[in-house]
Amino acid sequence: EEAWVKLRDEAGVQDTFLTHEVYEDEITLHLVAEACKLLGVKPEVVLRQFGEYFFEFCKRSGYHHMLRTLGGNLSEFTENLDALHSYLSLSYKEMNAPSFRVERNPDGTMLLHYYSDRRGLCHIVPGIIGAVAKDFFNSEITMEIVNQLEELERTGKKEHVVFLVSSKTDSDHEKKTKISFTMPRSHWQTSKELVHIGKGKSLKNFEPVYPMKLKIDLQTFCHAFPFHVVFDEQLVVHQAGVNLQRTVPGLQIVNIHLDEYFSIVHPEVTFTISSIRKFINSHFVMQTRREMMPETWKGRPMLQLRGQMIWMPSLRCMLYQASPLLRSLQELEEMHMHISDIAPHDVTRDLILLNHQRLAEMELSSQLERKKEELRILSQHLEEEKRKTENLLYAMLPKHVANQLKEGKKVDAGEFKECTILFSDVVTFTNICAMCEPIQIVHMLNSMYLQFDRLTTVHNVYKVETIGDAYMVVGGVPIPVSSHAERVANFALGMIIAAKEVINPITGGPIQIRVGLHSGPVLAGVVGEKMPRYCLFGDTVNTASRMESHGLPNKIHLSPTNKCFVIQKRGEIEVKGKGSMTTYFLERNTGVSEQQIMGLCDLEATDGEDSSQGSYQPGLYRPNVVICCVSLKL
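What counts as what
- Residues numbered from 1 in each chain as written.
- Predicted model: local features only at pLDDT ≥ 70, side-chain atom pairs only at ≥ 80, totals over all residues.
- Heavy atoms only, no water.
- Helix = DSSP H or I, 4+ residues; strand = E, 2+ residues; numbered from the N terminus.
- Contact = heavy atoms within 4.5 Å.
- Pairing = 2+ DSSP bridges.
- Axes fitted to C-alpha atoms, helices over the stretch in contact; angles between N-to-C directions.
- Parallel < 35°, antiparallel > 145°, perpendicular 65-115°, else oblique.
- Left-handed = near helix turned anticlockwise from the far one by under 90°.
- Nonpolar A, V, L, I, M, F, W, Y, C, P; charged D, E, K, R; others polar.
- Phe/Tyr/Trp six-rings, centres within 6.5 Å; stacked < 30°, edge-to-face > 60°.
- Buried < 20%, exposed > 50% of the residue type's maximum accessible area, 1.4 Å probe, protein only.
- Salt bridge = Lys/Arg side-chain N within 4 Å of Asp/Glu carboxyl O.
- Polar contact = N/O pair within 3.5 Å; in protein donor to acceptor, adjacent residues only side chain to side chain.
- Core = buried A, V, L, I, M, F, W, Y, C linked by side-chain atoms within 4.5 Å.

A word on the side chain of Thr543
Part 1 of the argument: In this fold, Thr543 is placed in helix α18 (residues 539-549).
Part 2 of the argument: Not counting residues up to four positions away in its chain, the partners in contact with Thr543 are His518 and Lys578.

Remarks on the pairing of strand β11 (residues 414-426)
Part 1 of the argument: Inspection of the sheet shows β11 paired to strand β14 (residues 513-527) by 11 bridges, in the antiparallel sense. Each bridged residue has a counterpart across the sheet, and for Gly414 the counterpart in β14 is Ala524.
Part 2 of the argument: Looking at chain direction, β11 and strand β13 (residues 470-475) are connected through five bridges and run antiparallel. The residue bridging Leu422 from the neighbouring strand is Val473, located in β13.

Some words on the packing of helix α1 (residues 2-11) against helix α2 (residues 25-39)
Part 1 of the argument: Interhelical geometry of α1 versus α2 gives an angle of 120° and a closest axis separation of 9 Å. Here α1 is positioned oblique relative to α2, judged by the angle of their axes. As α1 packs across α2, the resulting crossing turns out to be right-handed. Counted together, Ala3, Trp4, Lys6, Leu7, Glu10 and Ala11 of α1 and His30, Leu31, Glu34, Ala35 and Leu38 of α2 form the full contact between these two elements.
Part 2 of the argument: Of the residues assigned to the contact of α1 with α2, the class counts are seven nonpolar, one polar and three charged.

Observations regarding the sheet that holds strand β10 (residues 317-324)
Part 1 of the argument: Strand order in the open sheet formed by six strands is β6-β5-β10-β9-β8-β7, and the pairing between neighbours is antiparallel. The open sheet is flanked by β6 (237-240) and β7 (262-266), the only strands paired with a single partner. Direction aside, the axes of adjacent strands within the sheet are offset by 30° on average.
Part 2 of the argument: Where strand β5 (residues 229-232) meets β6, three bridges bridge the pair, whose relative direction is antiparallel. In the strand pairing of β6, Val230 is matched with Gln239.

Some words on the packing of helix α13 (residues 348-396) against helix α14 (residues 399-406)
Part 1 of the argument: At a minimum axis separation of 8 Å, α13 and α14 run at an interaxial angle of 120°. Of the possible angle classes, the one that applies to α13 and α14 is oblique. Regarding α13 and α14, the two cross each other, and that crossing is right-handed. Listed contacts from α14 to Glu390, Leu393 and Tyr394 of α13 are Lys399, Ala402, Asn403 and Lys406.
Part 2 of the argument: In terms of residue class, the contact of α13 with α14 is built from three nonpolar, one polar and three charged.

Examining the packing of aromatic side chains
Part 1 of the argument: Per the stated rule, a full pass over the model turns up 13 aromatic pairs.
Part 2 of the argument: When the centroid spacing of 5.4 Å and the interplanar angle of 75° are considered together, the rings of Phe55 and Phe136 count as edge-to-face. In this pair, Phe55 sits in helix α3 (residues 43-68) while Phe136 sits in helix α6 (residues 124-136), placing the two residues 81 residues apart along the sequence. The two residues Phe55 and Phe136 agree in class, both being buried.
Part 3 of the argument: Consider the rings of Tyr449 and Tyr471, whose centres lie 5.4 Å apart with planes at 40°: the pair is tilted. Taken together, the positions of Tyr449 in helix α16 (residues 438-459) and Tyr471 in strand β13 put the pair 22 residues apart, joining distant regions of the chain.
Part 4 of the argument: The class of Tyr449 is buried, set by a relative accessible area of 11%.
Part 5 of the argument: We classify Tyr471 as buried; its relative accessible area is 0%.
Part 6 of the argument: Three or more aromatic residues joined by ring pairs make a cluster, and in this case those are Phe55, Phe77, Phe136 and Phe137.

Things to note about the pattern of salt bridges
Part 1 of the argument: Under the definition given, this model contains 15 salt bridges.
Part 2 of the argument: The partner of Arg101 in a salt bridge is Glu103, and the shortest N-O contact between them spans 3.0 Å.
Part 3 of the argument: Classification of Arg101 as buried rests on a relative accessible area of 11%.
Part 4 of the argument: A salt bridge links Glu385 to Lys388; its shortest N-O distance comes to 3.6 Å.

Some words on the side chain of Thr247
Part 1 of the argument: You can see Thr247 is positioned in helix α9 (residues 242-247).
Part 2 of the argument: A distance of 2.9 Å separates the side chain of Thr247 from the backbone oxygen of Asn243, its partner in a polar contact.
Part 3 of the argument: Beyond its immediate chain neighbours, meaning those up to four positions away, Thr247 contacts Met293, Pro294, Trp297 and Leu303.

Some words on the nonpolar core
Across soluble globular proteins, you tend to see nonpolar side chains buried next to one another.
Part 1 of the argument: Leu67, Leu74, Leu112 and Phe163 are the most contacted members of the largest nonpolar core, which totals 39 residues.
Part 2 of the argument: In terms of residue count, α6 provides more of this core than any other element does, seven residues in total.
Part 3 of the argument: Aside from chain neighbours lying at most four places away, what touches Leu112 is Thr78, Phe100, Arg101, Val102, Val125, Ile129, Met143, Val161, Val162, Phe163 and Val165.

Considerations on unusual backbone geometry
Part 1 of the argument: Here the residue pair His266 and Pro267 is connected by a cis peptide bond, since its omega of -10° sits within 30 degrees of zero.
Part 2 of the argument: Among the secondary structure elements, Pro267 is positioned in the loop between β7 and α11 (273-278).
Part 3 of the argument: For Asn138, which is not a glycine, the phi torsion comes out positive at approximately 50°.
Part 4 of the argument: Along the chain, Asn138 falls in the loop between α6 and β3 (141-149).
Part 5 of the argument: You will see that His336, though not glycine, has its phi angle at about 60°, which is positive.
Part 6 of the argument: Mapped onto the secondary structure, His336 falls in the loop between α12 (329-334) and α13.
Part 7 of the argument: Take His336: its relative accessible area is 52%, and that puts it in the exposed class.

Notes on the environment of Arg277
Part 1 of the argument: By secondary structure assignment, the location of Arg277 is in helix α11.
Part 2 of the argument: Considered as a pair, Arg277 and Met309 are 32 residues apart in the sequence and their alpha carbons are 8.2 Å apart.
Part 3 of the argument: Setting aside residues no more than four positions away along its own chain, Arg277 makes contact with Trp311, Arg316 and Met318.

This is the structure:
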């Protein structure tokens, strides 16, 4: 599956193909070319394996018995492939199948002629024929190309490849053996050879007996075979069936030439006796020429006949025994014909009725396949929307809390013994709101919060909420970490730097913010059902808020600090609800640069401690990536 995904991406093709859809050969050849690059093999190898797989695919798709009964040996099987393709074309109207012709050699080998106007696919044939020989006839064969040309008898530029088919050479004796394509003899076949019918000869040595005189008159023959035609080497018509005469009145004219009224559709050969005799084992499809048809045929599709060419050497004439090529009752109506126009013994009557039902089933199958593909695409879109929804939910609540809520579980409140909380607000925000348009306030806050949100990812702190211009984050909640204080402290330093890039719509200069921090225990839990929020409770929250409200512009207000952070003592101040407190301003972190605090450059880790419990260092901004270093307590 991974190889197919990679191959599909390299080739730039769709991820699925429908059974009843027709695709350009360029897609196949492009996939083959990319597969060769991916696997490091030649195109011949890929196409041969494709042929072997295609044979197995056909068997699994319900064509096993049909293929198994095509012939008693490999040459008979190959000779009847055209007939199978002709039958399948009744259902798959746009099928462009190749044509095959077999020449048997005295040494037991055979020449397989392959004709196709789909160039570049001939190497599929050895894969298919080899798989057929092994599966159906228990034979191992070799196929090599002995000639590749364009057949002169065929119209248009068709690829003509000649394969020499032989059994595999015995490596010990290095002697070519004849191909054994005959079927295993059954008990019934053996018994038939021993049974005498009446006083005749055994079936093993059967020879036909012909009457002295043909006991059928011409009138009966022309009615019994209403669509036959007999023509000589000059293509002059000598007789034709009654229904064919009715459809093509010109055939009643004496000494008319058959090629004046018909063209050969399959096989695509020139309309001469020599070409026809060369492909005598193929079924022939002929079509009427529109310019030679009566006026009543205007607007109708041209009549096509499908049948067998039989050479009569004693008469030096060719018999074309055919039937109308009709795929459904709809085509029968379009021809203004009826079932009664076809001879009762002609299985075309049954084929039309059966194929009409088969076409309806295929259309239903095609619709189901298309619906299945639509559902697959919708499922992909649903998964994508689900991911977006989850990402939005995880942006509002901690991931483990959101997952519990999705599962319908109750989220219990949790106590955290150590964490660091930060509050910030915009200086003179009330005055800015009074003097600006609402949209200007929205743009200013959005610009600021985008900067702050990015920093939460850099330093791996949790954004609790924003209310107006107030921004609240916490370190060590909901996942406890020992480095929570320095994470939040570095985040605060980044906020001061980032705020300088946000424009005050009143003054045109950078905005000023106040930041307050405090560490201590909190209780955290989910509050509410509609728009649930993950909230923090405790004196630590209140103290951190007081640090922010009693702070100064562009200063980070906090309680005592140590380690590599540079602080400035503010002294004792009266804090609402707390009384007199000695507080400090956080100036900078001497252990890292401003760019590192802002996540604009990366640092290699200085130790192997775990990122969640050990020290941390800020680094290059990467979503969902945390880089840790040093420790700090507030």
